[in-house]
Amino acid sequence: MNSKSWPIIFMLLPLSLGACSKSETDKKPVEQASAVSVHDEMVTVVIPQTQAIWDVSNASLNDEGSPDPTKVSDADWQSVKAASSALMTSLDRLATANRFLAAKPGDKIMDQDIAGAAQPKDVQARLDANPQGFRDHAKTLSDFIKAINGAAAKKDFKTFSERTAELDGACEGCHKAYWLK
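Values in this document were obtained by computation on a predicted structure and should not be read as measured data.

Rules behind the numbers
Residues numbered from 1 in each chain as written. Predicted model: local features only at pLDDT ≥ 70, side-chain atom pairs only at ≥ 80, totals over all residues. Heavy atoms only, no water. Helix = DSSP H or I, 4+ residues; strand = E, 2+ residues; numbered from the N terminus. Buried < 20%, exposed > 50% of the residue type's maximum accessible area, 1.4 Å probe, protein only. Contact = heavy atoms within 4.5 Å. Areas by Shrake-Rupley, 256 points an atom, 1.4 Å probe, with all protein chains shown as cover. Axes fitted to C-alpha atoms, helices over the stretch in contact; angles between N-to-C directions. Parallel < 35°, antiparallel > 145°, perpendicular 65-115°, else oblique. Left-handed = near helix turned anticlockwise from the far one by under 90°. Nonpolar A, V, L, I, M, F, W, Y, C, P; charged D, E, K, R; others polar. Phe/Tyr/Trp six-rings, centres within 6.5 Å; stacked < 30°, edge-to-face > 60°. Salt bridge = Lys/Arg side-chain N within 4 Å of Asp/Glu carboxyl O. Expected span 1.5 Å × (residues − 1).

1. A few points about the overall build of the protein chain
Stage number 1. Assigned secondary structure in the protein chain consists of 7 helices and 2 strands.
Stage number 2. Order of helices (α) and strands (β) in the protein chain, N terminus to C terminus: α-α-β-α-α-β-α-α-α.
Stage number 3. Within the span of the protein chain, comprising 181 residues, buried residues form 33% of the whole.
Stage number 4. Considering only contacts within the protein chain whose residues lie at least 6 apart along the sequence, 74% involve residues at least 24 apart.
Stage number 5. Accessible surface, the protein chain: about 11100 Å² in total, of which carbon and sulfur atoms supply 58%.

2. So, the packing of helix α3 (residues 38–59) against helix α4 (residues 74–96)
Packed helix pairs are characterised by how far apart their axes lie and by the angle those axes make with each other.
Stage number 1. Running from N to C, α3 and α4 cross one another at 155°; their axes reach a closest spacing of 9 Å. When the axis of α3 is compared with that of α4, the two are roughly antiparallel. Crossing hand, α3 versus α4: left-handed. Residues V38, E41, M42, V45, V46, Q49, T50, A52, I53 and V56 of α3 touch α4, and the partners they reach there are D76, S79, V80, A83, S84, A86, L87, S90, R93 and L94.
Stage number 2. Its residues assigned to classes, the contact of α3 with α4 comprises 12 nonpolar, 5 polar and 3 charged.

3. Examining the packing of aromatic side chains
Stage number 1. For the structure shown, the criterion picks out 4 aromatic pairs.
Stage number 2. Measuring from ring centre to ring centre gives 5.2 Å for F134 and Y178, while their planes differ by 80°; the resulting arrangement is edge-to-face. Of this pair, F134 sits in helix α6 (residues 131–154) while Y178 sits in helix α7 (residues 157–178), and the two are 44 residues apart along the sequence. You'll find F134 and Y178 in the same group, each marked buried.

4. Side note on the pattern of salt bridges
Stage number 1. Counted by the stated rule, this structure contains 10 salt bridges.
Stage number 2. The closest approach of N and O atoms between K104 and D40, which form a salt bridge, is 2.8 Å. Pair noted here: K104 is in the loop between β2 (100–101) and α5 (120–129) and D40 is in helix α3, with a separation of 64 residues, a long-range link.
Stage number 3. K104 gets classed as partly exposed once you look at its relative accessible area, which sits at 41%.
Stage number 4. Between E172 and K176 there is a salt bridge whose closest N-O contact spans 3.6 Å. Of this pair, E172 and K176 both sit in helix α7, 4 residues apart, roughly one helical turn.
Stage number 5. Of the residues examined, E172 reaches a relative accessible area of 35% and is grouped as partly exposed.
Stage number 6. Connected via shared salt-bridge partners are K139, D143 and K146.

5. With respect to unusual backbone geometry
Outside of glycine, negative phi angles account for most residues, and trans bonds account for most peptide bonds.
Stage number 1. In this model, D111 sits at a positive phi of 70°, which is unusual for a non-glycine residue.
Stage number 2. According to the relative accessible area criterion, D111 is partly exposed, its value standing at 37%.
Stage number 3. Residues other than glycine seldom take positive phi values, yet K155 does so here, at roughly 55°.
Stage number 4. Considering the arrangement of structural elements, one finds K155 in the loop between α6 and α7.
Stage number 5. The exposure class assigned to K155 is partly exposed, which follows from its relative accessible area of 43%.

6. Looking at the packing of α4 against α6
Stage number 1. It is the contact of α4 with α6, at a shortest axis distance of 8 Å, that shows an interaxial angle of 160°. Judged by the angle between their axes, α4 and α6 are roughly antiparallel. Where α4 crosses over α6, the handedness of that crossing is left-handed.

7. Points about α6
Stage number 1. Helix length check: α6, at 24 residues, gives a terminal C-alpha distance of 35 Å against a target of 34 Å (1.5 Å per residue), a fit within 8%.
Stage number 2. Every buried residue of α6 is listed here: G133, F134, R135, A138, L141, S142, F144, I145, I148, N149, A151 and A152.
Stage number 3. Tucked into the core, α6 has its buried residues touching α3, α4, β2, α5 and α7.

Here's what the structure looks like:
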């Protein structure tokens, strides 16, 4: 680069910086489009990752149905850590979302075809009526999952076993408030 190039660079610098930043009006469509689909989070992350945790928990039971720490391998602990990390990310996304969509247009929620079951519009109405309550449920569940993640990191079978036994109940409060009719 020669000394004659510098003035051109300094003239183009403000233009290039301006192109990289968005004005406030440019940001509004992004914010409006940033609604989190609860259905997507549940189907793609929450359900499969919770199932991965339950699979390890269920496999840790002995023939009498009691928790047995010798039945949890290093690979199982890694699976629980990975699943709980993914869950925490998803739940934190739900706990901090500005807006929620029960489901994207055309998506069916579980059981919606059963007579009397909740429809996406029912769930959406509940989310719209109390979005902070939904965020609070997500935060509580995220904190709960953090305990499972910590137990997996320490290979603390007692805490893992106790928390996974309570996991269904931890989910149920939100389901009752937002999904079940």
